[in-house]
Amino acid sequence: MSDFPQITIVGAGNVGATAALFTLMHDLADVVLIDVAEGLPQGKALDLMHTRSIENFGPTVRGTNDYHDTAGSDLIVITAGVARKPGMTRDDLLAINSKIMRDVIADAVAASPDALVLCVTNPLDIMTYLAFKESGLPSNRVLGMGGVLDSARFTYAIAEATGAPLDAIDALAIGAHGDAMTPIAAHSTVDDQAITETLPVEQIDALVERTTFGGAEVVALLKTGSAFVAPAASVVAMVRALLSDKVTELPSCVYLQGQYGIDDVYMSVPARINKTGVVSVEEIELGKTDLARLQQSAATVATALDELGLRG
């Protein structure tokens with residue numbers, strides 16, 4: 001019997017397979033990679049196991065098309081869905097990916113009823129809410145990955161603009177994943193000094209715009225796909241936290257119940273998480289402008305949820 005915990009990664013595409021690779025190379029967990037496409041998860045898993053012979057990581061990976069093979073997982077990571085294409089908004093993905101999410105949740109949670117669920121499928125905040133509703137799990141056991149990636153993109157933008165080393169930068173982006181995200185300049189620092197104190201407003205606005213449309217920029221450059229390496233790395237940052245006894249604070253897509261004046265919406269905010277799921281969501285202090293932007297971001301998610309008939 002393996003000494004490693006087991007995670008299920010649903011979707012053997014670029015994000016899922018790369019997340020599996022990072023999970024294995026960090027010795028975090030055994031992976032069961034599942035996909036509806038026959039041969040795809042098996043082939044990706046075999047390739048990864050060949051890599052094991054070179055990199056000497058401890059965990060193993062299996063590929064399957066059968067959810068019975070995923071039974072007993074500690075964490076279910078859902079990357080399955082249609083990727084965004086040039087000219088396509090995240091909302092354009094809604095009809096297709098909502099059906100996929102419903103099918104995945106029903107089968108994956110039936111196989112591993114004690115698992116935590118981490119959603120990656122876009123539009124992220126809506127899909128995470130849908131997973132919560134469909135799974136019947138407590139809200140603290142269903143999360144989404146968005147804020148880690150958005151904050152990483154904000155960090156990169158600040159590093160490019162200032163020339164500061166990455167380890168000197170602590171950046172934060174919260175809110176809905178996508179065009180309605182809210183990079184928080186007042187909580188983003190270089191050498192522990194807020195960028196609002198060192199950079200002109202015009203430059204900060206440019207950094208915020210670069211961050212907000214960072215995913216779309218990748219899509220436009222690739223032309224035939226969307227970002228997958230940074231999203232996969234962001235997933236694994238959360239996987240590490242969600243398999244640990246230690247409590248870690250990460251910007252995570254979590255269920256809000258009055259925090260920041262927002263209720264009955266999933267959205268990324270700083271949250272304390274560990275192997276039990278969401279431990280707590282403690283509000284950070286936001287200025288009036290940032291709070292208004294965050295609440296407006298939540299309103300865009302709430303509108304989409306209401307149009308789908310998911311709330312109430």
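Look up: the structure comes first, before these words.
For clarity, every value in this text was computed on a predicted model and none was experimentally measured.

Turning our eyes to something else, we now look at the nonpolar core. When a protein is soluble and globular, its nonpolar side chains tend to lie buried together. In this structure, Leu75, Ile78, Val117, Leu118, Val239 and Ile273 are the most contacted members of the largest nonpolar core, which totals 84 residues. Grouped together as the second largest cluster of nonpolar side chains are 14 residues, Ile158, Leu199, Ile204 and Val208 included.

Our next topic: the side chain of serine 188. Within the secondary structure, serine 188 sits in the loop between strand E9 (181–183) and strand E10 (189–190). Of the residues examined, serine 188 reaches a relative accessible area of 0% and is grouped as buried. Within the local environment of serine 188, its side chain forms a polar contact with the backbone nitrogen of leucine 172, the two atoms lying 3.0 Å apart. If we ignore the near neighbours within four places in the chain, the residues touching serine 188 are Phe154, Ile158, Asp170, Ala171, Leu172, Gln193, Ala194 and Ile195.

A separate point is helix H7 (residues 214–222). For an α-helix, the turn length of 3.6 residues means that residues three or four places apart are oriented alike. Residues of H7 that are buried: Gly214, Gly215 and Val219. Viewed end-on, H7 has its buried residues packed into an arc of 145°, placing them on one side of the element. Just downstream of H7, lysine 223 is the residue with a positive phi angle, here 70°.

Moving on: the pairing of strand E4 (residues 75–78). Judged by which residues are buried, E4 turns out to be covered on both faces: Leu75 and Val77 on one side and Ile76 and Ile78 on the other are all buried. Note that strand E1 (residues 6–10) and E4 share four bridges and pair parallel. Bridging across to E4, valine 10 finds its partner in isoleucine 78. As paired elements, E4 and strand E5 (residues 116–119) share four bridges and run parallel to each other. Looking at E5, one finds that isoleucine 78 is bridged to cysteine 119.

As enumerated under the stated definition, the model contains eight salt bridges in all. Glutamate 282 is the partner of arginine 272 in a salt bridge, and the nearest nitrogen-oxygen pair spans 4.0 Å. Placement of arginine 272 in strand E13 (residues 263–274) and of glutamate 282 in the loop between strand E14 (277–280) and helix H9 (288–308) is noted, with a sequence separation of ten residues between them. In this structure arginine 272 comes out as partly exposed when scored by relative accessible area, which is 27%. Overall, glutamate 282 belongs to the partly exposed group, its relative accessible area being 47%.

Right, let's talk about the sheet that holds strand E11 (residues 193–194) for a bit. Across the sheet, which stays open at both edges, the three strands sit in the order E7-E10-E11 with antiparallel pairing between neighbours. If you trace the sheet from one side to the other, it starts and ends with strand E7 (169–170) and E11, each paired once. Bridge count for E7 against E10 is two bridges, and the pairing is antiparallel. Its bridge partner being in E10, isoleucine 169 is matched across the sheet by valine 190.

What follows covers the packing of aromatic side chains. The final tally for this structure, using the stated rule, is six aromatic pairs. Their ring planes at 55° and their centres at 6.4 Å tell us that tyrosine 129 and tyrosine 255 sit as a pair that is tilted. In this pair, tyrosine 129 sits in helix H4 (residues 124–135) while tyrosine 255 sits in strand E12 (residues 248–257), placing the two residues 126 residues apart along the sequence. When sorted by exposure, tyrosine 129 lands in the same class as tyrosine 255, which is buried. Arranged with centres 5.4 Å apart and planes meeting at 40°, the rings of tyrosine 255 and tyrosine 266 form a pair that is tilted.

Looking now at the state of the cysteines. Across all of its chains, the model carries zero disulfides by this definition. Cysteine 253 supplies the cysteine sulfur nearest to cysteine 119, a cysteine that is in no disulfide, at a spacing of 7.9 Å. Classification of cysteine 119 as buried rests on a relative accessible area of 0%.

With that out of the way, let us pick up the environment of isoleucine 174. Looking at the element boundaries, isoleucine 174 is found in strand E8 (residues 173–175). The spacing of isoleucine 174 and valine 148 is 26 residues in sequence and 8.8 Å in space, taken between C-alpha atoms. Aside from chain neighbours lying at most four places away, what touches isoleucine 174 is Met181, Thr182, Ile184, Ser268, Val269, Pro270, Leu286 and Leu294.

Rules and cut-offs
Along each chain, residue indices are assigned from 1 in the same order as the chain's sequence is written. Only residues with pLDDT of 70 or above have their local features reported here, since the model is predicted, and side-chain atom pairs are shown and tallied only from 80 upward, although totals for entire chains, interfaces and linings are computed over all residues. As a rule here, side-chain values come from all non-hydrogen atoms in the structure, and water together with hydrogens is ignored. Residue types Ala, Val, Leu, Ile, Met, Phe, Trp, Tyr and Cys, when buried and joined through side-chain atoms within 4.5 Å, form a set referred to as a nonpolar core. Only protein chains enter the accessibility calculation, which uses a 1.4 Å probe. A residue is then buried if its area is under 20% of the maximum for its type, exposed if over 50%, and partly exposed in between. Secondary structure follows DSSP: runs of H or I at least 4 residues long count as helices, runs of E at least 2 residues long count as strands, and numbering of each begins at the N terminus. Any N or O atom pair separated by 3.5 Å or less is treated as a polar contact, with the protein-specific requirement of one donor-capable and one acceptor-capable atom, and with residues adjacent in sequence counted only for side-chain atom pairs. Throughout, a residue-residue contact means that at least one pair of heavy atoms, one from each residue, lies within 4.5 Å. Regarding the arc, it is the one traced by the directions from the helix axis to the C-beta atoms. Here, a strand pair is defined by DSSP locating no fewer than two bridges between the strands. By definition, a salt bridge exists where a carboxyl oxygen of Asp or Glu is found within 4 Å of a side-chain nitrogen of Lys or Arg. Aromatic rings from Phe, Tyr and Trp, with only the six-membered ring used for Trp, were paired whenever their centres fell within 6.5 Å, and each pair was classed as stacked if the ring planes differed by under 30 degrees, edge-to-face if by over 60, and tilted otherwise. Pairs of cysteine sulfur atoms within 2.5 Å are identified as disulfides in what follows.

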